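# Structural characterization, general
Now for the letters of each chain:
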Amino acid sequence: MRIGNYTFEKLKEKYGTPLYLYDETIIINNLNTYKTNFKSDLFQTEIVYAGKAFLTKYMTQLIKRHNLALDCVSIGEVYTAVKAGFDPEKIVFHGNNKTEAELIFALNNRVGTIIIDNLFEAELLLNLQSETYRPKAMLRVNLAYDVNTHKYIKTSIEDSKFGVSVNEKSIQMIKRLSESKKVNFIGLHSHIGSQILEEDYFYNHAKIMLKIYHDLKINQQIDLPQLNLGGGFGIKYIESDQELDLPVVLKKLIKTVEEESLKYNLNLEKVLVEPGRSIVGNAGYTLYTIDQIKKTKHLNYLFIDGSMNDNIRTALYQAKYEAIIVGKENETPTTNYKVAGNACETGDIIIEDIKLPTAFPNDLLLVKNTGAYHYSMASNYNRFPIPAVVFVNDNELKLVVRRQTLADLIRYDQSS
Ligand code: LLP
């Protein structure tokens, strides 16, 4: 098995392990799936890549080349994007607890759109002394709409930390924002959760949002021009995951928005989605070396040279992955293994249980679908350096993030 024109042995030789690998052609295919299917004759559409899934300067430039907008959730992400030459006008700035200083940072950097997460933040923004720059703004709403996904990545259940309920108070704020000279208020935002694999949630979500737009129009005479439906499109991690047929889902989502907005006679100018995982998730792999193999009374452990530091998702969300032993893809799986990392933590498991051909020390283990929320959630727990990130594009290899060194680990430490 290869990625682009490169064997995994070659990639290990060049960059070492553990190693994050991306197949750039898959990312580009994913972007194009959105661009070709999420479009309408009735309104403009925009794909806003959610940088939290994976963001580096190189990734930002790729997003820029393909003309997408960028969801940034911290000033660190805004800084990365701006330093990579991304047009700040195309940045959508998120966060449930933006401080005044962070809002000022965003305004100073001429960030295009601010997503206001709650009423406190709305007041902050309205009271900022920014004289010259008038950003676009949206208000994030919480629909108390539950979806089937891990509870840590549901974002729109009642009492969620994100967004505001649609009630008298928030409607008053929508009015104030619409009349404000400080911001150009363009609409509402709602993101229902992540890794959602049942398509109906997306259509129902759109219907609920458009009903809110209708009510605002009828009852408040507020006709909002833009609607941001967030991300959340799930990917297939393991064989038993029921994969979303993304082209079909996106087309149907557009159709739903078109039908509802015609039904309600709305004047929607633009509809946005904010995918993260479904852009980069299936384009990423993590390559590990199997160092030691340990048998216990009931288990066969594979000890790899990475850990929860490069993949926290198994520990945090009980996520499941498929993997191969490089060069043994066609051999019959014979043994059940538990793949554990080298961190000092019992919960440091990458794969709970996987049947693989017999493994030996120095074999390479390739874990699939690790492109989203892996590098971006990596840590230095136990003072392990964070692995390098390499993009492969047919014949070209690109070191996108260099491997941390031991010296990097003490870089910020001050001596007494
Ligand atoms: N928009 C907003 C406002 C979001 O909060 C998120 C994700 C997205 C878009 C992108 O969602 P996606 O298309 O990637 O599902 N660390 C977790 C995922 C956290 C998602 C947070 N918000 C994981 O590893 O599963």
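Residues numbered from 1 in each chain as written. Predicted model: local features only at pLDDT ≥ 70, side-chain atom pairs only at ≥ 80, totals over all residues. Heavy atoms only, no water.

## Here we look at the sheet that holds strand β8 (residues 136-140)
- Taken in spatial order, the eight strands of this closed barrel run β4-β5-β6-β7-β8-β9-β10-β11, and their pairing is parallel. Averaged over all adjacent pairs, the angle separating strand axes in this sheet is 25°, with direction ignored.
- Of the strand pairs in this sheet, strand β7 (residues 113-116) and β8 are connected by four bridges, and their pairing is parallel. The residue of β8 that forms the bridge with isoleucine 114 is alanine 137. (Pairing = 2+ DSSP bridges. Helix = DSSP H or I, 4+ residues; strand = E, 2+ residues; numbered from the N terminus. Axes fitted to C-alpha atoms, helices over the stretch in contact; angles between N-to-C directions.)

## With respect to the side chain of lysine 338
- For lysine 338, the position within the fold is in strand β15 (residues 335-340).
- Discounting chain neighbours no more than four positions away, the residues touching lysine 338 are Leu299, Asn300, Tyr301, Leu302, Ile349, Ile351 and Glu352. (Contact = heavy atoms within 4.5 Å.)

## Points about the pattern of salt bridges
- Scanning the entire structure with this criterion turns up 20 salt bridges.
- Across the pair arginine 176 and glutamate 123 runs a salt bridge whose closest N-O atoms are separated by 2.8 Å. Of this pair, arginine 176 sits in helix α7 (residues 168-179) while glutamate 123 sits in helix α6 (residues 119-127), placing them 53 residues apart in sequence.
- The class of arginine 176 is partly exposed, set by a relative accessible area of 39%.
- The salt bridge involving lysine 255 is made with glutamate 259; its shortest N-O contact spans 3.3 Å. Taken together, the residues lysine 255 and glutamate 259, both in helix α9 (residues 246-263) and four residues apart, mark about one turn of the helix.
- Lysine 255 sits in the partly exposed class, given a relative accessible area of 48%.
- Given the relative accessible area of 43%, glutamate 259 is considered partly exposed. (Salt bridge = Lys/Arg side-chain N within 4 Å of Asp/Glu carboxyl O. Buried < 20%, exposed > 50% of the residue type's maximum accessible area, 1.4 Å probe, protein only.)

## Observations concerning the packing of helix α2 (residues 24-37) against α9
- Remark: α2 packs on α9, axes separated minimally by 9 Å, with the N-to-C direction vectors making an angle of 30°. By the angle class used here, α2 and α9 are roughly parallel. The handedness of the crossing between α2 and α9 is right-handed. From α2, Thr33, Tyr34 and Asn37 reach across to α9, where they touch Leu246, Pro247, Leu250, Lys251 and Ile254. (Parallel < 35°, antiparallel > 145°, perpendicular 65-115°, else oblique. Left-handed = near helix turned anticlockwise from the far one by under 90°.)

## Some words on the pairing of strand β4 (residues 44-50)
- Counting buried positions over the seven residues of β4 gives five, a clear majority of the element.
- Sheet analysis places β4 next to strand β11 (residues 270-273), joined by four bridges and oriented parallel. Looking across to β11, one finds that isoleucine 47 is bridged to valine 273.
- Direction of pairing for β4 relative to strand β5 (residues 69-72): parallel, over a ladder of three bridges.

## Some details on α7
- With twelve residues, α7 should cover 16 Å at 1.5 Å per step; its first-to-last C-alpha distance of 17 Å lies within 8% of that length.
- Taken together, the buried positions of α7 are Ser170, Ile171, Met173, Ile174 and Leu177. Burial along α7 is one-sided: seen end-on, the buried residues are contained in an arc of 155°. Structural note: α7 exposes Glu168, Lys169 and Glu179 on the side pointing more than 90 degrees away from its buried face.
- For α7, the secondary structure elements touched by its buried residues are β7, α6, β8, β9 (184-189) and α8 (200-220).
- For α7, the capping residue at the N-terminal end is asparagine 167, with a side-chain oxygen 3.1 Å from the backbone nitrogen of lysine 169. (Expected span 1.5 Å × (residues − 1). Arc of directions from axis to C-beta. Polar contact = N/O pair within 3.5 Å; in protein donor to acceptor, adjacent residues only side chain to side chain.)

## What to know about the packing of α8 against α9
- Contact geometry for α8 and α9: axes closest at 9 Å, N-to-C directions at 20°. Between α8 and α9, the angle is such that the two are roughly parallel. Between α8 and α9 lies a crossing of right-handed hand. Contact residues: Phe202, Tyr203, Ala206, Lys207 and Leu210 in α8; Val248, Val249, Lys252, Leu253, Thr256, Val257, Glu260 and Ser261 in α9.
- Tallied by class, the residues present in the contact of α8 with α9 amount to eight nonpolar, two polar and three charged. (Nonpolar A, V, L, I, M, F, W, Y, C, P; charged D, E, K, R; others polar.)

## Notes on the nonpolar core
- Formed by 90 residues in total, the largest nonpolar core has its most connected members in Ile27, Tyr49, Leu188, Phe233, Val280 and Phe391.
- Counting residues per element, this core draws most heavily on α8, at nine residues.
- Both domains that meet at this core, namely domain 1 (2-20 + 282-402) and domain 2 (24-279), each give it at least three residues.
- Setting aside residues no more than four positions away along its own chain, isoleucine 27 makes contact with Tyr22, Met59, Leu62, Ile279, Val280, Ala283 and Phe391. (Core = buried A, V, L, I, M, F, W, Y, C linked by side-chain atoms within 4.5 Å. Domains from an automatic or database assignment.)

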